Amino acid sequence: MITTRIPRLLAAAVIGAALTGVAVTGPAVAQDDPEDGIDVSVTIEPRTTPGAVSMTVADNTGVALQENGSDAAARQFVGTLPTVTVTDTRDPAQIPAGDFWAVVGQAGEFVSADGSAPPIGPQYLGWRPQLLSDSPTGAVAAGEPVSSVISDGSGAPTVGLQGQELLVSTANSADEIGTWQVNADLALRTPADVAAGEYRTTLTLSLFNQS
């Protein structure tokens, strides 16, 4: 947000001191001529900086998934997405009808650090988004859970994050203006015989605003 600072005119107060019992002589002091005064005026225009929808991700050093919940069907590694903040500062009266925004996420392949093991596809990484802030109107909501292609047993779609999956959104932007925070529980469920090693991927978050 850009803040416009309007210079302030600071009035200097003149304090007169009176001397009692002292004769003061000297030249006569000229009287102020009203016609020598200078009019000072200012026109302050309304702020013109428009509001906007923006997204930030909390400072982080990445997410290190830890093994938890493995079973005979899969090795499971879990972690938590850093907090994502969406802020909408627009004037609801100026938002077009049908305007909406959404944050989606998509992962790439998990690639072994030394290149010795086959990559693990993004379809094995699932998440469970959760809205951390209140939505007074209910207009802002977290996305639905997505499971690895190896089902986690929750009944969530088994598609993983190979495509763009919804993290948080609103169906009609004008219904609610403000700031919301969201994160997601991450779960990588791989085949039980996955090759040992260190793997890395990039999870990309994108904010879309459309009328």
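This section reports on the structure supplied with the text. All figures in this text were calculated on a predicted structure; none of them were measured in a lab.

1. Considerations on the overall build of the protein
Inference 1: Secondary structure assignment for the protein yields 0 helices and 12 strands.
Inference 2: Tracing the protein from N to C terminus, the helices and strands come up as β-β-β-β-β-β-β-β-β-β-β-β.
Inference 3: By the burial criterion, 29% of the 211 residues in the protein qualify as buried.
Inference 4: A separation threshold of at least 6 residues defines the contact pool for the protein, and within that pool the share at least 24 residues apart is 80%.
Inference 5: Within the structure as shown, the protein displays about 14,200 Å² of accessible surface, and the carbon and sulfur contribution to it stands at 52%.

2. Some thoughts on the layout of surface pockets
Inference 1: In this structure, the largest pocket occupies an estimated 800 Å³ of space.
Inference 2: Lining the largest pocket are 28 residues, with Val63, Ala64, Leu65, Phe110 and Tyr199 positioned closest to its centre.
Inference 3: Listing elements by their share of the lining of the largest pocket, those giving two or more residues are strand 3 (74-80), strand 10 (178-191), strand 11 (199-200) and strand 12 (203-210).
Inference 4: At 3 residues, strand 10 tops the list of elements feeding residues into the lining of the largest pocket.
Inference 5: Class assignment for the residues of the lining of the largest pocket results in 18 nonpolar, 7 polar and 3 charged.

3. Overview of the side chain of Ser112
Inference 1: Counting through the fold element by element, Ser112 comes out in strand 6 (residues 111-112).
Inference 2: The class for Ser112 is buried, based on a relative accessible area of 6%.
Inference 3: Here Gly115 takes part through its backbone nitrogen, which lies 3.1 Å from a polar atom of the side chain of Ser112.
Inference 4: A distance of 3.3 Å separates a polar side-chain atom of Ser112 from the backbone nitrogen of Ala117.

4. Brief notes about the environment of Leu65
Inference 1: Tracing the backbone shows Leu65 in the loop between strand 1 (53-57) and strand 2 (66-67).
Inference 2: Judged by its relative accessible area of 23%, Leu65 is partly exposed.
Inference 3: Placed 14 residues apart in sequence, Leu65 and Gly79 show a C-alpha to C-alpha distance of 4.9 Å.
Inference 4: When near neighbours in sequence (up to four residues on either side) are disregarded, Leu65 contacts Phe77, Val78, Gly79, Phe110, Leu125, Leu186 and Leu188.

Scoring rules and cut-offs
Residues numbered from 1 in each chain as written. Predicted model: local features only at pLDDT ≥ 70, side-chain atom pairs only at ≥ 80, totals over all residues. Heavy atoms only, no water. Helix = DSSP H or I, 4+ residues; strand = E, 2+ residues; numbered from the N terminus. Buried < 20%, exposed > 50% of the residue type's maximum accessible area, 1.4 Å probe, protein only. Contact = heavy atoms within 4.5 Å. Areas by Shrake-Rupley, 256 points an atom, 1.4 Å probe, with all protein chains shown as cover. 1 Å grid on protein atoms, 1.4 Å probe; cavity = no way out; pocket = protein on both sides within 12 Å on 5 of 7 lines; lining within 4 Å. Points joined across faces, edges and corners; volume = space filled by probe spheres on them. Nonpolar A, V, L, I, M, F, W, Y, C, P; charged D, E, K, R; others polar. Polar contact = N/O pair within 3.5 Å; in protein donor to acceptor, adjacent residues only side chain to side chain.

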